[in-house]
Amino acid sequence: MTHVRRALPGDAEEVLRLRQVMIDSLPRSQHSTEWHAESLPVLRARLAEPDGVFAAFVVDHPERPGALAALVAGTLDYRIGGALDPRGTDGYVFSVATDPDARRRGYARACMEALLEWFRERGAGRVRLTASAQAEPLYRSMGFTRKPDPLLELTL
């Protein structure tokens, strides 16, 4: 069984490294890491907020002490409710990454399951994300459905 845990402030540099892995895999991405220095203190502060609207779940790398193997991060977002979601609380997944040498072990799925549970516990009525063609089968296997735009959505 994969041990997933909530990311801590001390994980911030590794979280940024894995986020960069994700960014670098996107077409037309900016491969610069110059933004890391400015982002790092903000990320550390957000990771220190246990009751905030942001959460990141990680798996420690089994072969590299101090490194992370996988990351999933998301945030809660309030939007005025509607007929399908009267509370108006959405979860949004915006960063999913697995270290290239730790792929195909179920780490991203395990982290996603932890984040989805975190969303449920905070009253999210649905979860949204944008997926690459490579990642879409994972999300569809978890119940996400394609919408007319590139967003995928899961009703909780």
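Look up a bit, the structure's there.
None of these values were measured; they are calculated from a predicted model.

Caption draft 1: Highlighting the overall build of the protein. Helix and strand counts for the protein stand at 4 helices and 7 strands. Listed by position from the N terminus, the elements making up the protein come as β-α-α-β-β-β-α-β-α-β-β. Here the C-alpha atoms of the protein give a radius of gyration of 15 Å, agreeing with the 15 Å that 2.2 N^0.38 yields for 156 residues. The C-alpha extent of the protein, read off along each of the three principal axes, is 45 × 35 × 30 Å. Looking at the 156 residues of the protein, the share that counts as buried comes to 44%. Within the protein, residue pairs in contact and separated by at least 24 positions form 60% of the contacts whose partners lie at least 6 positions apart. Within the structure as shown, the protein displays about 8900 Å² of accessible surface, and the carbon and sulfur contribution to it stands at 54%.

Caption draft 2: Expanded view of the nonpolar core. Membership of the largest hydrophobic core comes to 27 residues, with the highest contact counts inside it found for Val 93, Met 112, Phe 119 and Phe 144. Elements with a minimum of two residues in this core: strand 2 (54–60), strand 3 (68–78), strand 4 (89–98), helix 3 (107–121), strand 5 (126–130) and strand 7 (151–155). Per-element tally for this core: the top contributor is helix 3, with 8 residues. In this view, Phe 119 contacts Gly 74, Thr 75, Leu 76, Gly 91, Tyr 92, Val 93, Ala 124, Val 127 and Leu 156; residues no more than four positions away in its chain are not counted. Core analysis: the next-biggest nonpolar cluster, separate from the first, contains 18 residues, Leu 18, Met 22, Ile 23 and Val 58 among them.

Caption draft 3: Quick peek at the layout of surface pockets. Taken as a whole, the largest pocket encloses approximately 1000 Å³ of empty space. Surrounding the largest pocket, 28 residues form its lining, Val 96, Ser 132, Gln 134, Ala 135 and Tyr 139 being those nearest its centre. Every element with two or more residues in the lining of the largest pocket is listed here: helix 1 (12–25), strand 4, helix 3, strand 5 and helix 4 (136–141). Ranked by residue count, the leading element in the lining of the largest pocket is strand 4, at 7 residues. Its residues placed into classes, the lining of the largest pocket shows 17 nonpolar, 7 polar and 4 charged. Contributing to the lining of the second largest pocket are 13 residues, with Arg 19, Ser 39, Leu 43, Phe 54 and Phe 94 lying nearest its centre. A total of 4 residues in the lining of the second largest pocket trace back to one element, the largest contributor, which is helix 2 (residues 36–47). When the residues that make up the lining of the second largest pocket are grouped by side-chain class, the tally is 9 nonpolar, 2 polar and 2 charged.

Calculation notes
- Once a new chain begins, its residue numbering starts again from 1 and follows that chain's sequence as written.
- A pLDDT threshold of at least 70 governs which residues receive local features in this predicted model, and a stricter bar of 80 or more applies before side-chain atom pairs are shown or counted, although totals over entire chains, interfaces and linings include all residues.
- Excluded from the side-chain calculations are hydrogens and water; all other atoms, namely the structure's heavy atoms, are used.
- Working definition: helices are DSSP H or I runs of at least four residues, strands are E runs of at least two. Numbering for both runs from the N terminus.
- Every radius of gyration here is taken over C-alpha atoms, with the globule rule written as 2.2 Å times N^0.38, N being the number of residues.
- Type-normalised accessible area, obtained with a 1.4 Å probe on protein chains alone, sets the label of each residue: buried when under 20%, exposed when over 50%, and partly exposed for intermediate values.
- Contacts are assigned to residue pairs with any non-hydrogen atoms lying within 4.5 Å of each other.
- Each accessible area is a Shrake-Rupley result for a 1.4 Å probe, and residues are judged covered by the shown protein chains and nothing else.
- Here the nonpolar core consists of buried residues drawn from Ala, Val, Leu, Ile, Met, Phe, Trp, Tyr and Cys, with membership extended through side-chain atoms lying within 4.5 Å.
- Cavities and pockets were defined on a 1 Å grid built over protein atoms only: a cavity is a set of grid points that admits a 1.4 Å probe from which the probe cannot escape, a pocket is an open set flanked by protein on both sides within 12 Å along at least five of seven lines, and lining residues are those with an atom within 4 Å of any such point.
- Grid points are joined across faces, edges and corners, and a volume is the space filled by probe spheres set on the points.
- Side-chain classes are defined by residue name, with Ala, Val, Leu, Ile, Met, Phe, Trp, Tyr, Cys and Pro counting as nonpolar, Asp, Glu, Lys and Arg as charged, and the others, Gly among them, as polar.

Purely geometric numbers; function is a separate question.
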